[in-house]
Structure formats: structure tokens, C-alpha cells
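Here are the chains, one letter per residue:
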Protein chains: 2
Amino acid sequence: MKKNYNYNYAFLFYDVNVKRCNKVFKVCKKYLSHFQKSVFRGEITPSKLMLLKKDLNKIIDEYEDFVCIIKLMNNNIYGEEILGNKQNDTGEDLIL
Amino acid sequence: MKKNYNYNYAFLFYDVNVKRCNKVFKVCKKYLSHFQKSVFRGEITPSKLMLLKKDLNKIIDEYEDFVCIIKLMNNNIYGEEILGNKQNDTGEDLIL
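Residues numbered from 1 in each chain as written. Chains lettered and ligands numbered in written order. Predicted model: local features only at pLDDT ≥ 70, side-chain atom pairs only at ≥ 80, totals over all residues. Heavy atoms only, no water.

Per an unreviewed UniProt entry, chain A goes by CRISPR-associated endoribonuclease Cas2 and derives from Natronincola peptidivorans. Here chain A is described in UniProt, under the heading Subunit (unreviewed entry), as follows: "Homodimer, forms a heterotetramer with a Cas1 homodimer." You can read under Sequence similarities (unreviewed entry) in the UniProt record for chain A the words "Belongs to the CRISPR-associated endoribonuclease Cas2 protein family." (UniProt positions renumbered as here; feature names shortened; annotations may be inferred.)

Enquirer: Could you give an account of the packing of helix H1 (residues 18-31) of chain A against helix H2 (residues 46-59) of chain A, naming the residues involved and the relevant values?
Expert: Residues and elements named next belong to chain A. One can describe the packing of H1 onto H2 by two numbers: an axis separation of 10 Å at closest approach and a directional angle of 170 degrees. Relative to H2, the element H1 is oriented roughly antiparallel. Residues Arg 20, Lys 23, Val 24, Val 27, Cys 28, Lys 30 and Tyr 31 of H1 lie in contact with H2, whose contacting residues are Lys 48, Leu 51, Leu 52, Asp 55, Leu 56 and Ile 59. Among the residues making up the contact of H1 with H2, the classes are represented as eight nonpolar, no polar and five charged. (Axes fitted to C-alpha atoms, helices over the stretch in contact; angles between N-to-C directions. Helix = DSSP H or I, 4+ residues; strand = E, 2+ residues; numbered from the N terminus. Parallel < 35°, antiparallel > 145°, perpendicular 65-115°, else oblique. Contact = heavy atoms within 4.5 Å. Nonpolar A, V, L, I, M, F, W, Y, C, P; charged D, E, K, R; others polar.)

Enquirer: Account for the sheet that holds strand S3 (residues 39-43) of chain A, with residues named and values stated.
Expert: Judged by pairing direction, the sheet is antiparallel, and its five strands sit side by side in the order S2(A)-S3(A)-S1(A)-S4(A)-S5(B) without closing on themselves. Two strands bound the open sheet, and with one partner strand each, they are strand S2 (33-36) of chain A together with strand S5 (78-84) of chain B. Within this sheet the neighbouring strands show an average axis-to-axis angle of 25 degrees, counted without direction. Pairing between S2 of chain A and S3 of chain A: three bridges, direction antiparallel. When the sheet's bridge partners are listed, Ser 33 of chain A is paired in S3 of chain A with Arg 41 of chain A. Contacts between H1 of chain A and the sheet are confined to strand S1 (9-15), S2 and S3 of chain A, with S1 of chain A contributing the most and set at about 175 degrees to the helix. (Pairing = 2+ DSSP bridges.)

Enquirer: Give a description of the nonpolar core that names residues and reports values.
Expert: Grouped together as the largest cluster of nonpolar side chains are 22 residues, with contacts concentrated most on Phe 11, Phe 13 and Leu 72 of chain A together with Phe 11, Phe 13 and Leu 72 of chain B. Breaking this core down by element, the ones donating at least two residues are S1 and strand S4 (66-72) of chain A together with strand S1 (9-15) and strand S4 (66-72) of chain B. In this structure, Leu 72 of chain A is in contact with Tyr 7, Asn 8, Tyr 9, Phe 11, Ile 77 and Tyr 78 of chain A together with Leu 72, Ile 77 and Tyr 78 of chain B, ignoring residues within four places of it in sequence. (Core = buried A, V, L, I, M, F, W, Y, C linked by side-chain atoms within 4.5 Å. Buried < 20%, exposed > 50% of the residue type's maximum accessible area, 1.4 Å probe, protein only.)

Enquirer: Give a detailed account of the interface of chain A and chain B, specifying residues and quantitative values.
Expert: As a measure of interface size, the accessible area lost when the parts come together is often cited. The interface is formed by 39 residues belonging to chain A together with 39 residues belonging to chain B. Taken over both partners, the interface formed by chain A and chain B buries close to 3700 Å², and the fraction arising from carbon and sulfur atoms is 57%. Summed over the three residues of chain A that lose the most area to chain B, namely Phe 66, Glu 81 and Leu 83 of chain A, the buried surface amounts to 20% of that side. Here chain A is connected to chain B by six salt bridges. Residue Glu 81 of chain A pairs with Lys 71 of chain B through a salt bridge whose shortest N-O separation is 2.8 Å. Between chain A and chain B we count 14 residue pairs in polar contact (both at pLDDT 80 or more) in total. Elements with a contribution of two residues or more to the side of chain A that touches chain B: S1, S2, H2, S4 and strand S5 (78-84) of chain A. When its residues are assigned to classes, the side of chain A that touches chain B shows 21 nonpolar, eight polar and 10 charged. (Buried area = accessible area lost by both parts, 1.4 Å probe. Salt bridge = Lys/Arg side-chain N within 4 Å of Asp/Glu carboxyl O. Polar contact = N/O pair within 3.5 Å; in protein donor to acceptor, adjacent residues only side chain to side chain.)

Written as C-alpha cells, this is what we have:
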């Protein structure tokens, strides 16, 4: 059994049908920061996270789409390594 | 300044040119478990992680490709939520 921590930070990545990409992107953008292609992250309160999930569940197709949210207590408990182009254009401008 | 924790668990996600997808997939697969499309995760020692990064750096194009590794102390400090199709075919069979 995992402990029920207070999670206040999340990573979110999705793999959804291209038809719904834009909608999912916009919902995620509302709550989190766009990090890379189909990955978002950022500080988020448990209540906001519930709203995010509610919004996403309205959009996605439960058989075809996939969204995974990794919740962390804060952004101090992970380390990050980037290989390759850090200044990669995220394509955000093209999508919105 | 972040503390220098002992990281033994990692998430890895990549966005690489389709020409190098297969190679990157195979290298990641060697060290981690395939989780979803371009996302891997699993327990990994710091020394193995160094090898993984070394292998990836040989393959990827530093201007065109992007690989991000999120390191965690263990798999007990995060919570996970999946929306949509949990039994999604990862496409692994098609790729390897």
C-alpha cells in the first residue's frame, strides 16, 4: 500500500487520437505548463487536479485514448536530465 | 539548489526523429520498462542510468531530438492516475 501523500505537483502525458489532440492540449494548458510535445507538468492543488481529470474525462475516448498523470509531493523530489535539444520548439505556437 | 538525492527510479520520455525512433526505443528497453508510446519507466541504478545516457547520446541528434529523464528516489513517492484505456496496446510488438 502506498501512503496517501499530499501531492501538489504533477506530470501529465497523453496519447490520444489526433482528432482530440487540440482539445486535450487546451485543457492541460489551462492547469499545467506545456513541457514537451504531449507532456505537461506543473504545480497543481489536489482540487484543481480533480477538475483537470473531470475536464479530460469529458473529452477523451476511454477506449482509444490514454492519459497518465504522475503526482509528486513537490518539485524538489525529482531530478531531471535533458539530452538533446533543450531549446526544442514545442510546437505550441502551431497548435494554439 | 536541489539536494543530491539517491535516485533509483526513472521516467524517460522522448521525442526523436522517426528515423531514430527504433534505435532509441531499443536502448531504453534495455534499461527500463516500456510504459506508453514514447514513455519508459523503471528502477535503475545511478550507474546504469549513466550507461543509458551514454548509449542515448551516441544515437540522438542533439539539435533535432529530445530526451527527458525524470529521476525519483523510488517508486513509492509518486502517485499515478490513468484516464482512458489502461489496456492500450503499446505498439511494442510492432516496433520490435
